[in-house]
Amino acid sequence: MPYKYIAFMGGGARGVVYPGGYKALVDSGLYKGIEGISGCSIGAISSAIIASGSTPEQFREISSKTNFSLLLGSRSRKTLLSGADGKPLLNFLREVIKNNILSFFEGKNIFDIKDIGKSFTQNKKELETIFYKCKQNKSITFKDLYILHKVAPYRFKNLSVNAVRKDTGESKIFNYKNTPDVEVSIACLASGALPGVIRPVKINGYEYVDGGLHDNLPSAPKYFKTHKKDQVKKSEILLMTLSRKEGPMYKALHSTPTSGDSLYSPSRKDELKQYGIEHLGINLDYKVTDRKKSMYNKVRLNNSNAIELDITGISTTDFKSTNKRKDEYFYRGYFNTYDSLIKKRICKKPDNNYDLRKFF
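All of these numbers come straight from a predicted model, not from anything done at the bench. (Residues numbered from 1 in each chain as written. Predicted model: local features only at pLDDT ≥ 70, side-chain atom pairs only at ≥ 80, totals over all residues. Heavy atoms only, no water.)

## Focus on the packing of aromatic side chains
Okay, step 1: One pass over the structure, following the stated rule, counts 18 aromatic pairs.
Okay, step 2: A ring pair is formed by F174 and Y208, whose centres lie 5.3 Å apart and whose planes are at 75 degrees; its orientation type is edge-to-face. Residue F174 is found in strand β4 (residues 171–175), and its partner Y208 is found in strand β6 (residues 206–210); the two are separated by 34 residues along the sequence.
Okay, step 3: Between the aromatic rings of F330 and Y331, the centroid separation amounts to 5.2 Å while the plane-to-plane angle is 90 degrees, which identifies the pairing as edge-to-face.
Okay, step 4: The exposure class of Y331 is partly exposed, given its relative accessible area of 36%.
Okay, step 5: Among the aromatic residues, those joined into a cluster by ring pairs are F104, F105, F131, Y132 and F156.
Okay, step 6: Between the NZ or CZ atom of K32 and the centre of the ring of Y154, over which it lies, the distance is 5.8 Å. (Phe/Tyr/Trp six-rings, centres within 6.5 Å; stacked < 30°, edge-to-face > 60°. Helix = DSSP H or I, 4+ residues; strand = E, 2+ residues; numbered from the N terminus. Buried < 20%, exposed > 50% of the residue type's maximum accessible area, 1.4 Å probe, protein only. Lys NZ or Arg CZ within 6 Å of the ring centre and 35° of its normal.)

As structure tokens, then:
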């Protein structure tokens, strides 16, 4: 299974397992051949950190030192119900992406072709522009990541994130193909703008909210196309799913693709959420619960291409508890991912002590 793309699911605090999952993807050798990454909400934020060049060690350090509950920002009386402004999270992402890229340039003289190597020469002017953008704290765009991927494909990846237009409910894909000049960080903030938690994010004149309202696992081939003629197969896309024991995602992952069993039944709580979303002026022409059903069915049909990350006991909004147990969740994500890759025969056990390490 030559995977070329990875999709990261949204899930709030449950994304704490992603740093470990990412390290397993790298350690197994799979990540080297990846061309593009997609993500929604916390999956978008994680994808941006990874796609902009973070090593597994850097991603783990970023995660261990960051309390995401403190990055929501301020609320005013006027905007109390619509959510916080998200500015600390936006600035956090900008800083991480900038530092990732600058660490790539570290020790290289971008004005000296001999120093930067032959692969840089065709994009030398663009690289200089990106370098000075970082130095001057200017926006890094999807086009910038596309250029960096061309130059250093093992380190940088094409990125795609989704968000929902507040006035129409339409799902918007932000990537190099559709929005080359949009800032990566602002698009990721929009993707994670959960109604009532972070207020809608304005991009090019339109307000956007959390992409998970429409597609919490952006894994369709259209997310990974960088040009119109690109051919992307579903079998080339690896799904990073968040699953709790006996939950609907667990059932989707452990049932046969042809099974007609119901995976998800909306609760009274789901109905109240739908009402709250509409009360905030978000104009959806669909039910969020129907979109959830669609996602679970999509995973069931493609569960042979999925990684199951166990998030049992982790609440979507419980950042405080996850902060106290980040090491535990790091290793949970690592072994969940590596075990799954071994089962898929993508890689072998790294050493004779692999199984023993799970107990320490």
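## Some words on empty space enclosed by the protein
Empty space among the atoms becomes visible once a probe the size of a water molecule is rolled across them.
Okay, step 1: Taken as a whole and assessed by the stated rule, the structure comprises 4 cavities of 30 Å³ or more.
Okay, step 2: Of the volumes computed, that of the largest cavity is approximately 140 Å³.
Okay, step 3: Residue lining of the largest cavity: 17 residues in total, with G15, V16, I42, S63 and F68 positioned closest to the centre.
Okay, step 4: At the level of elements, α2 (42–51), α3 (56–65) and α12 (319–324) are the ones that each hand at least two residues to the lining of the largest cavity.
Okay, step 5: Counted by class, the lining of the largest cavity contains 9 nonpolar, 7 polar and 1 charged residues.
Okay, step 6: Taken together, 13 residues line the second largest cavity, and the ones lying closest to its centre are N158, L159, Y223, F224 and T226. (1 Å grid on protein atoms, 1.4 Å probe; cavity = no way out; pocket = protein on both sides within 12 Å on 5 of 7 lines; lining within 4 Å. Points joined across faces, edges and corners; volume = space filled by probe spheres on them. Nonpolar A, V, L, I, M, F, W, Y, C, P; charged D, E, K, R; others polar.)

## A short note on the packing of helix α1 (residues 18–27) against helix α13 (residues 326–343)
Okay, step 1: Contact geometry for α1 and α13: axes closest at 6 Å, N-to-C directions at 40 degrees. The angle between α1 and α13 places the two elements in the oblique class. The element α1 and its partner α13 pack so that their crossing is right-handed. Counted together, P19, G20, G21, K23, A24, L25 and D27 of α1 and F330, G333, Y334, T337, Y338 and L341 of α13 form the full contact between these two elements.
Okay, step 2: Along the lines of polarity and charge, the residues of the contact of α1 with α13 split into 7 nonpolar, 4 polar and 2 charged. (Axes fitted to C-alpha atoms, helices over the stretch in contact; angles between N-to-C directions. Parallel < 35°, antiparallel > 145°, perpendicular 65-115°, else oblique. Left-handed = near helix turned anticlockwise from the far one by under 90°. Contact = heavy atoms within 4.5 Å.)

## Concerning the side chain of T289
Okay, step 1: Looking at the element boundaries, T289 is found in helix α11 (residues 288–301).
Okay, step 2: Taking the relative accessible area as the measure of exposure, T289 reaches 11% and is therefore buried.
Okay, step 3: Beyond its immediate chain neighbours, meaning those up to four positions away, T289 contacts Y264, P266 and D270.

## Quick notes on the packing of helix α6 (residues 124–135) against helix α7 (residues 142–151)
Okay, step 1: For the pair α6 and α7, the least separation of the axes is 10 Å and the interaxial angle reads 125 degrees. Accordingly, the angle class assigned to the pair α6 and α7 is oblique. Crossing angle aside, the handedness with which α6 passes α7 is left-handed. For the pair α6 and α7, the contacting residues are E126, L127, I130 and K133 in the first and D144, I147, L148 and V151 in the second.

## A few points about the environment of N175
Okay, step 1: Locating N175 in the fold gives a position in strand β4.
Okay, step 2: The contact partners of N175, leaving out residues within four places of it in the chain, are F142, L159, S160, P180, K222, Y223 and K225.
Okay, step 3: At 3.3 Å, the side chain of N175 forms a polar contact with the backbone nitrogen of K177.
Okay, step 4: In this structure the side chain of N175 is engaged in a polar contact, spanning 2.9 Å, whose partner is the backbone nitrogen of N178. (Polar contact = N/O pair within 3.5 Å; in protein donor to acceptor, adjacent residues only side chain to side chain.)

## What to know about the pairing of strand β3 (residues 158–165)
Okay, step 1: Of all the 8 residues making up β3, 8 are buried; the element is thus mostly covered by neighbouring parts of the structure.
Okay, step 2: As judged from the 4 bridges shared by strand β2 (residues 36–39) and β3, these two strands associate in the parallel manner. Following the sheet pairing, G39 is matched in β3 by V161.
Okay, step 3: Examined bridge by bridge, β3 and β4 share 5 bridges and lie antiparallel to one another. Its bridge partner lying in β4, S160 is registered against N175.
Okay, step 4: Hairpin geometry of β3 and β4 is characterised by an intervening segment of 5 residues between the two adjacent antiparallel strands and by a positive phi of about 80 degrees at G169.
Okay, step 5: Note that β3 and β6 share 3 bridges and pair antiparallel. (Pairing = 2+ DSSP bridges.)

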